[in-house]
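# Descriptive analysis of the structure
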Amino acid sequence: MYEYIVEMKNITKRFPGIVANDDITIQIKKGEIYAILGENGAGKSTLMSILFGMYEPDEGEIWIRGEKVKIQSPNHAAKLNIGMVHQHFKLVHNYTVAENIILGIEPIKKLAGFIPYVDIKGANKNIADLSKKYGLQVDPSQKIEDMNVSLQQRVEILKMLYREAEILIFDEPTALLTPQEIDYLLNIIQELRKAGKTIILITHKLEEIKRVADRCAILRKGQLIDVLDVKETSTKTMANLMVGREVSLEIEKKPPKFRDLVLEVDNLTVKNQDNFDVVKNVSFKIHGGEVFAIAGVSGNGQVEIADAIAGLTEISNGSIKLNGVDISNFSIRERTIEGISYIPEDRQAYGLILDFSLAENLALKDYYKDPFCEKGFLNKDVIDEYGNKLIEKYDIRSSLGIHTQVRQMSGGNQQKAIVAREIELDSPLMIFVQPTRGLDIGAIENIQKMIIEERDKGKAILLVSLELDEVMSVADTIGIIYNGEIQKIAPADTLTTKEVGEYMMGVTA
Amino acid sequence: MSKNKDEKRKNNIFTRIIMKLLGNEKWQHLTIPIFLIFLSFVAASIIIIALGKNPLGAFYNLLQGAGILPKPSYAGYKSMLTDFLSLLNFMTPMIFASLAVAIALKGGLFNIGVSGQMLLAGFLATITIGYSGLNWILAKPLVLIIGLIAGGLLGGIIGLLKYKFNINEVVSSIMFNYIIQYVLSFFIHSYYIDPVSRQSKYINDAARLTLVNVELIGLKMDISIGFVIAIILAILLKVFLDKSRLGFEIKAVGANPKGAKYAGINVGKTMILTMVLSGVFAGLAGVTYFLGYFASIQPKVLPSVGFDGIAVALLGNTNPYGIIGASFIISIIDRGSTYMSSIAGVRKEIASVITGMILLFSACSAYIQHKIRANKDRLGYMAGKEAEE
């Protein structure tokens with residue numbers, strides 16, 4: 001018998017310029033939920049990629065079930081009953097659930113005894129049984145493209161289970177989920193443990209670890225800092241160990257001083273591509289010096305409101321006034337000039353041009369203006385100088401400074417670049433949509449601080465966030481949206497988390 | 001075990017040379033294409049050897065035929081210089097066509113209709129100026145202007161269709177290719193046909209963009225005016241794309257249309273502008289082809305150079321300077337092939353095989369770059385490290 005189901009001993013992995021994993025040893029018992037905690041770039045994903053056979057370690061050994069192994073490929077890992085749910089799912093979108101799950105290990109039957117064909121009926125049935133067994137409700141014949149993120153994740157989990165994985169690796173599984181979906185997932189993870197599976201959970205969200213994990217390894221800058229018993233450790237200790245300094249989970253905030261009205265949205269209605277009202281008669285006002293947060297479950301129209309104000313989506317009814325000027329018919333650039341900064345939800349699809357350099361991206365909203373552009377030609381020196389200034393001021397880290405291709409930068413630094421650019425526009429209205437999504441604690445703290453600073457400078461701030469904690473701690477006024485309609489608008493200090501949660505679910509008191 | 005393998009690979013002389021030659025990332029945009037062209041000639045050599053001929057001799061003849069190296073003997077009024085000038089004359093429409101493709105690619109669009117735009121521009125310039133009998137001072141500039149306007153308008157229409165009705169530019173430009181090909185062939189057959197050559201009647205020399213049979217230093221040369229214009233415009237285009245505001249916007253829309261829209265760029269307008277510019281260059285390709293390299297139009301045929309331009313643009317990495325170089329190489333192979341086949345006895349089609357190889361190999365350049373980077377990481381071929389060992 002073996003004591004540990006997974007042992008990674010003295011693992012070292014170097015990439016050019018950095019040591020991603022520096023002499024890391026972890027030992028995981030069968031049937032436990034083992035969390036790996038660390039900031040972005042701490043080496044969590046590299047370590048798990050090694051276990052899953054995507055990288056070979058430079059030094060160190062891997063023991064599975066008491067036997068020394070050399071995992072050379074994900075296929076090999078699958079043979080050792082290791083499964084992984086990646087942060088970005090690996091599914092074929094126009095295939096059905098069942099087709100995705102059996103892909104690569106298709107059950108073959110023979111028609112008339114010799115013509116082989118894929119037994120999709122049998123697969124459907126097996127998968128339906130499997131999903132019932134673990135409480136993972138899916139329709140095996142549904143296509144992936146018709147499913148939301150949470151359902152797609154269930155398919156990924158089923159894919160592992162179908163391959164009889166015993167050791168399940170979850171890479172940041174909650175990054176894209178709503179609070180309810182997170183609840184559901186954490187329950188599933190506990191169910192899986194009860195069924196005898198060993199679970200490795202990569203995350204930087206402390207509450208989740210606290211809720212489900214038994215033990216927790218903390219990585220920082222490629223090194224193993226500590227392995228802790230979760231029950232006996234406070235979230236605060238974990239956060240401090242992870243970041244390497246004291247972090248405040250609560251942000252300090254002076255009472256708000258409201259100034260003049262900046263944004264007035266009146267009876268706003270927005271239709272989606274299918275001509276369906278996704279935002280219905282929404283009205284609200286934001287003053288200078290006020291953080292107005294729209295809370296709600298993902299997909300209830302909050303992003304469309306932000307897009308409509310910034311001009312990315314057409315409005316079908318209502319009006320938007322900025323400092324008393326009706327901007328409903330302005331172009332995107334006219335609105336930017338009139339005074340809107342916008343940090344979009346999808347930073348890679350909208351916020352940046354990934355193939356452009358950092359300097360070009362930092363000047364993306366100014367490049368056409370004097371002195372960035374003179375007589376139709378861009379002034380590279382001015383753009384570079386401006387880039388350097390912002391890199392310093394906002395501590396944007398990259399390998400080649402202003403010349404770095406933004407695609408090569410980490411998610412956290414990409415977000416910093418967008419925030420830097422938008423704040424530097426110095427607009428009276430700033431729209432932040434999910435500004436801290438996918439970031440680690442240190443970066444979250446920074447960005448939330450910046451939001452408060454801008455508020456104190458007298459800016460009007462519209463915050464759209466799915467993190468209820470963020471809404472509660474940053475906002476002065478909360479508007480709760482459900483199904484495209486604002487359910488309630490009230491000062492933040494008059495609402496409890498529970499109340500906001502209820503409005504988010506459409507339970508009107 | 002894998003350590004040993006790596007060690008072996010590291011000491012492998014072949015790996016060493018390749019890493020030395022191609023390892024420097026600063027020069028990779030030049031070294032990799034040259035390496036790939038070299039590889040394609042190696043591959044072509046194998047085929048020529050298989051045919052029982054001498055590949056080096058064949059390549060030598062290729063260069064002789066194109067006017068890069070001297071032939072042993074020349075006909076009257078001919079020399080290496082005349083061969084070289086006709087190479088440039090042949091190359092001119094190819095540069096324009098490839099630039100047209102490259103601009104569109106920069107803006108995220110695929111202009112497969114360069115041939116159609118060329119034909120339209122060439123036809124309109126032929127019937128308005130080519131047959132007019134205008135003085136050359138007026139005729140030559142007017143040919144260029146009509147060419148670029150016709151091409152630009154057609155390109156603009158394709159862009160507009162995409163912007164207004166979301167019609168994919170590939171589909172609409174292929175449709176335009178057919179429409180132009182057959183409609184113009186009707187007009188040529190009905191009004192402008194030369195009954196002997198079965199082509200449109202020859203244009204007046206005054207309107208032609210290539211000065212033919214110019215007698216100078218005892219030689220009769222074909223001097224392409226368009227070539228000079230092509231080089232100047234390629235340089236201007238490079239500056240435009242790198243430095244100008246509009247160039248920045250075109251590249252932004254090409255790299256990420258959503259991001260460009262978010263940044264406040266008018267994506268639709270930029271797309272139309274990109275296609276107009278692409279069409280302008282296609283139009284110039286058309287007039288330098290039909291009123292330069294040739295002086296008449298063959299009905300019902302689309303100029304193949306419009307399609308070759310796609311490959312040349314890719315071989316040149318959509319960089320205007322790269323395109324000049326790529327056009328030069330492809331033109332040499334094309335122009336030298338006749339001489340090669342008559343002297344070395346290697347069939348003329350082998351030239352197309354070589355061209356095909358180059359394009360095939362150049363499609364692998366991203367792979368090579370990736371491979372070299374992986375090797376570098378793996379074997380520790382960093383500049384400093386190697387010196388230490």
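See the structure above.
About the criteria used
- Residues numbered from 1 in each chain as written.
- Chains lettered and ligands numbered in written order.
- Predicted model: local features only at pLDDT ≥ 70, side-chain atom pairs only at ≥ 80, totals over all residues.
- Heavy atoms only, no water.
- Helix = DSSP H or I, 4+ residues; strand = E, 2+ residues; numbered from the N terminus.
- Expected span 1.5 Å × (residues − 1).
- Buried < 20%, exposed > 50% of the residue type's maximum accessible area, 1.4 Å probe, protein only.
- Contact = heavy atoms within 4.5 Å.
- Polar contact = N/O pair within 3.5 Å; in protein donor to acceptor, adjacent residues only side chain to side chain.
- Buried area = accessible area lost by both parts, 1.4 Å probe.
- Salt bridge = Lys/Arg side-chain N within 4 Å of Asp/Glu carboxyl O.
- Nonpolar A, V, L, I, M, F, W, Y, C, P; charged D, E, K, R; others polar.
- Pairing = 2+ DSSP bridges.
- Axes fitted to C-alpha atoms, helices over the stretch in contact; angles between N-to-C directions.

## With respect to helix α5 (residues 149-162) of chain A
Residue and element names in this part refer to chain A. In a regular helix each residue adds 1.5 Å, so 14 residues correspond to 20 Å; α5 covers 20 Å between its end C-alpha atoms and thus fits that length. Summarising burial for α5: twelve of the 14 residues are buried, a large majority. By the burial criterion, the buried members of α5 are S150, Q152, Q153, R154, V155, E156, I157, L158, K159, M160, L161 and Y162. Contacts made by the buried residues of α5 are with β6 (82-85), α3 (97-102), α4 (120-134), β9 (167-171) and α6 (179-194). One side-chain oxygen of the residue at the start of α5 lies 3.1 Å from the amide nitrogen of S150, identifying that residue as N148.

## Focus on the interface of chain A and chain B
Where the parts come together, the accessible area they lose is often given as the size of the interface. The interface of chain A with chain B comprises 28 residues on the first partner and 22 residues on the second. For the pairing of chain A and chain B, the buried interface totals around 2100 Å² over both sides, and the portion due to carbon and sulfur atoms is 65%. Between E249(B) and R333(A) there is a salt bridge; the shortest N-O distance is 3.8 Å. Viewed at the interface, chain B and chain A are joined by eleven residue pairs in polar contact (both at pLDDT 80 or more). Where the side of chain A that touches chain B is concerned, the elements lending two or more residues are α10 (332-339), α11 (347-351), β20 (377-378) and α14 (411-424) of chain A. Tallying contributions element by element places α11(A) first for the side of chain A that touches chain B, with four residues. For the side of chain A that touches chain B, the per-class residue count stands at 17 nonpolar, three polar and eight charged.

## Brief notes about the sheet that holds strand β21 (residues 429-433) of chain A
Residues and elements named next belong to chain A. The mixed open sheet is built from six strands, whose spatial order is β18-β21-β22-β15-β23-β24. Every interior strand has two partners, whereas the edge strands, β18 (340-343) and β24 (485-491), have only one. Across the sheet, the axes of successive neighbouring strands diverge by a mean angle of 15 degrees, strand direction being ignored. By the bridge criterion, six bridges tie strand β23 (residues 477-482) to β24 in an arrangement that is antiparallel. Bridge pairing in β24 links I478 to A490. Against the sheet, α14 makes contact with β18 and β21, and its axis sits at roughly 175 degrees relative to β18, the strand it touches most. Against the sheet, helix α17 (residues 497-504) contacts β15 (291-295), β23 and β24, and its axis sits at roughly 30 degrees relative to β23.

On their own, these measurements won't tell you what the molecule is for.
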